[in-house]
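# Breakdown of the fold
Listed below, chain by chain, are the residues.
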Amino acid sequence: MKIALIILLGLFALILWRPGFTFRAQKPEDYNDTAPSFDLRQHLSGELESEGVIFGPNGRATSRFVADFTGIWNGASGELGEVFNYDNGTVQNRKWFLTLGNDGTFTAKADDIIGEGQGHISGATVRLTYSIRLTEAAGGHVLDVVDWMYLMDNGTIMNRSEMRKFGIKVAELIATIRPKGN
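Described in the following lines is the structure provided in the data block. (Residues numbered from 1 in each chain as written. Predicted model: local features only at pLDDT ≥ 70, side-chain atom pairs only at ≥ 80, totals over all residues. Heavy atoms only, no water.)

## With respect to the overall build of the chain
Let me state the cut-off plainly: Each helix corresponds to a stretch of at least 4 residues labelled H or I by DSSP, and each strand to a stretch of at least 2 residues labelled E; elements are numbered beginning at the N terminus. Here the Shrake-Rupley method, with its probe set to 1.4 Å, supplies the accessible areas, and only the displayed protein chains count as covering residues. Under this rule, positive means Lys or Arg and negative means Asp or Glu; His and the chain ends count for nothing. The location of each charge is read from NZ of Lys, CZ of Arg, CG of Asp or CD of Glu.
Within the chain one finds 2 helices and 10 strands. N-terminal to C-terminal, the α/β element order of the chain is α-α-β-β-β-β-β-β-β-β-β-β. Principal-axis analysis of the C-alpha atoms gives the chain an extent of 65 × 40 × 35 Å. When the accessible area of the chain is evaluated, it comes to approximately 10,800 Å², of which 58% is carbon and sulfur surface. Placing the 18 positive and 21 negative side-chain charges of the chain at their respective mean positions leaves the two points 9 Å apart.

## Concerning the pairing of strand β1 (residues 46–55)
This is how the line gets drawn: By the convention used here, strands pair only if DSSP detects at least 2 bridges between them.
Bridge analysis of β1 against strand β2 (residues 61–74) gives 10 bridges, and the strand direction is antiparallel. Bridge assignment links G46 to a residue of β2, and that residue is G71. Connecting the antiparallel pair β1 and β2 is a turn made up of 5 residues, with G59 showing a positive phi of about 90°. When β1 meets strand β10 (residues 168–179), the two strands line up antiparallel, connected through 8 bridges. Across the sheet, the residue bridging to G52 is A175, located in β10.

## Remarks on the pattern of salt bridges
Basically, it comes down to this: Whenever Lys or Arg places a side-chain nitrogen within 4 Å of a carboxyl oxygen from Asp or Glu, that contact is recorded as a salt bridge.
Evaluated as defined, the whole model comprises 13 salt bridges. For E162, the salt bridge is made with R164, and the minimal N-O distance between the two is 2.9 Å. Salt bridges sharing common partners tie together E49, E51 and R178.

## Notes on the side chain of Q26
Under the convention used in this document: Counting of polar contacts relies on pairs of N or O atoms within 3.5 Å, with two restrictions inside protein: one atom must be capable of donating a hydrogen and the other of accepting it, and residues adjacent in sequence are counted only when both atoms are side-chain atoms. Only heavy atoms matter for contacts: two residues are in contact if any of them lie within 4.5 Å across the pair.
Take Q26: it is sitting in the loop between α1 (2–17) and α2 (40–43). Within polar-contact distance, the side chain of Q26 engages the side chain of Y150 at 2.8 Å. Not counting residues within four places of it along the chain, the set of residues in contact with Q26 comprises Y31, R127, W148 and Y150.

## Notes on the pairing of strand β8 (residues 142–151)
So the rule is basically this: Burial here depends on accessible area, computed with a 1.4 Å probe over protein chains only, as a share of the maximum for the residue type. Under 20% is buried, over 50% is exposed, and the range in between is partly exposed.
Burial analysis of β8 places 8 of its 10 residues in the buried class, the great majority of the element. Sheet topology places strand β7 (residues 125–133) next to β8; 9 bridges connect them, and they run antiparallel. Bridge pairing links T125 to Y150 in β8. Judged from the 8 bridges that link them, β8 and strand β9 (residues 157–165) form a sheet pairing that is antiparallel. Bridge assignment links D147 to a residue of β9, and that residue is S161. Between the end of β8 and the start of β9, which pair antiparallel, lie 5 residues, with G155 showing a positive phi angle near 95°.

## Structural notes on the sheet that holds strand β6 (residues 113–122)
Our working rule: To get an axis, fit a line to the C-alpha atoms, keeping to the stretch in contact for a helix; angles then go from 0 to 180 degrees between the N-to-C directions.
An order of β1-β2-β3-β4-β5-β6-β7-β8-β9-β10 is seen for the 10 strands of this closed barrel, with the pairing classed as antiparallel. Ignoring strand direction, the axes of neighbouring strands in this sheet form an average angle of 25°.

This is how it looks when you write it as structure tokens:
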């Protein structure tokens, strides 16, 4: 009886582990009919503030941050400056260079991004995939990232990111982004 239960639980765990049951199984088209519509030029523009937590592979919080963002757009091209203040006193700066396509896609570049990130806007969501090189102080590792941003009715953006190395989840980030002062 115990062996049958163990086998059954093992099969159930295997089914749930399959890619169709994971964070990465989401597709932009899953959110085509959601509202409000996410417009990068509107929702990532001006002065923004963010708070977030980074979790390690064991699910424990490893770092917290508050950040100030500044978004500037000129037609289909935008810059998003980010200044992160971590709970350990570290300050990190990043500037994204965003280029909107005509079909709900966009590209994203930054100094610590390898190549070009690929983004897709769909309904109330944005998905961005990219590879990032961590600072030497953080080990200098290259991680594959899937970023999902979900626009809430009040204009707040909920951000969830999953970071993997060799296909294994090594970190997760959860953050809010909203206009400064809201």
